[in-house]
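Structural description and commentary
Okay, here's what each chain looks like letter by letter:
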Amino acid sequence: MENWYELIHFQTYGDKRGSLKKLLMKSKLKEDEKIEEIYVLFSNQGSVRGNHYHKETLEYFSVISGKARVALRNLDTGAFEEIIMSANNNVILKVPPYVVHAFKNEEEEPFIMLAISSKEYNKDDTDTFPMIII
């Protein structure tokens, strides 16, 4: 089956000072992909984020600290998958429109996630459609 979401592996660079993770670069975006918003999520134990999909918005997610259980459902095919993302994965999850996505913290420590969106949030036109999958 063709992938309906994408896990993009990225390179980690490190030296005695620490490490650097280049998550997303303009050269990796397709011509019609744009970025309008970047934000950071902090999620405590037991909390769930997402449980929705978008009709226009393309999003990218990467766990910076901790671990998240990620649920994904393709609304076109009904396919469902769950994956675990952590800071050690060195991946960014690309979620296109019409893919329901949800993130759950099942660990004691909070998880911190970087989110990148192709559409700036607008409370009057959220492009966010609730659907519980986790």
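So, here is what we can say about the structure in this document. Keep in mind the model is a prediction, meaning the values are calculated, not measured.

Cut-off values and rules
- Residues numbered from 1 in each chain as written.
- Predicted model: local features only at pLDDT ≥ 70, side-chain atom pairs only at ≥ 80, totals over all residues.
- Heavy atoms only, no water.
- Buried < 20%, exposed > 50% of the residue type's maximum accessible area, 1.4 Å probe, protein only.
- Helix = DSSP H or I, 4+ residues; strand = E, 2+ residues; numbered from the N terminus.
- Pairing = 2+ DSSP bridges.
- Phe/Tyr/Trp six-rings, centres within 6.5 Å; stacked < 30°, edge-to-face > 60°.
- Axes fitted to C-alpha atoms, helices over the stretch in contact; angles between N-to-C directions.

**Points about the pairing of strand β7 (residues 67-74)**
Across the 8 residues that make up β7, a large majority, 6, are buried. Where β7 and strand β8 (residues 80-86) come together, 7 bridges link them in antiparallel fashion. The partner of Leu-72 across the bridge, within β8, is Glu-81. Pairing geometry for β7 and strand β10 (residues 99-104), over 6 bridges, is antiparallel. Bridge pairing in β10 links Leu-72 to His-101.

**A look at the packing of aromatic side chains**
One pass over the full model with this rule turns up 4 aromatic pairs. With centroids separated by 5.0 Å and ring planes inclined at 80 degrees, the aromatic side chains of Trp-4 and Tyr-5 adopt a geometry described as edge-to-face. The burial state of Trp-4 is the same as that of Tyr-5; both residues are buried. Taken together, the ring pairs connect Tyr-53, Tyr-98 and Phe-129 into an aromatic cluster.

**Examining the sheet that holds strand β6 (residues 59-65)**
Pairing within the open sheet is antiparallel, and its 5 strands lie in the order β1-β9-β6-β11-β4. Each edge of the sheet is formed by a strand with only one pairing partner; in this case those strands are β1 (6-9) and β4 (37-43). On average, each strand axis in the sheet is inclined to that of its neighbour by 25 degrees, with strand direction left out of account. Direction of pairing for β6 relative to strand β11 (residues 111-117): antiparallel, over a ladder of 6 bridges. Bridged to Tyr-60 within β11 is Ile-116.

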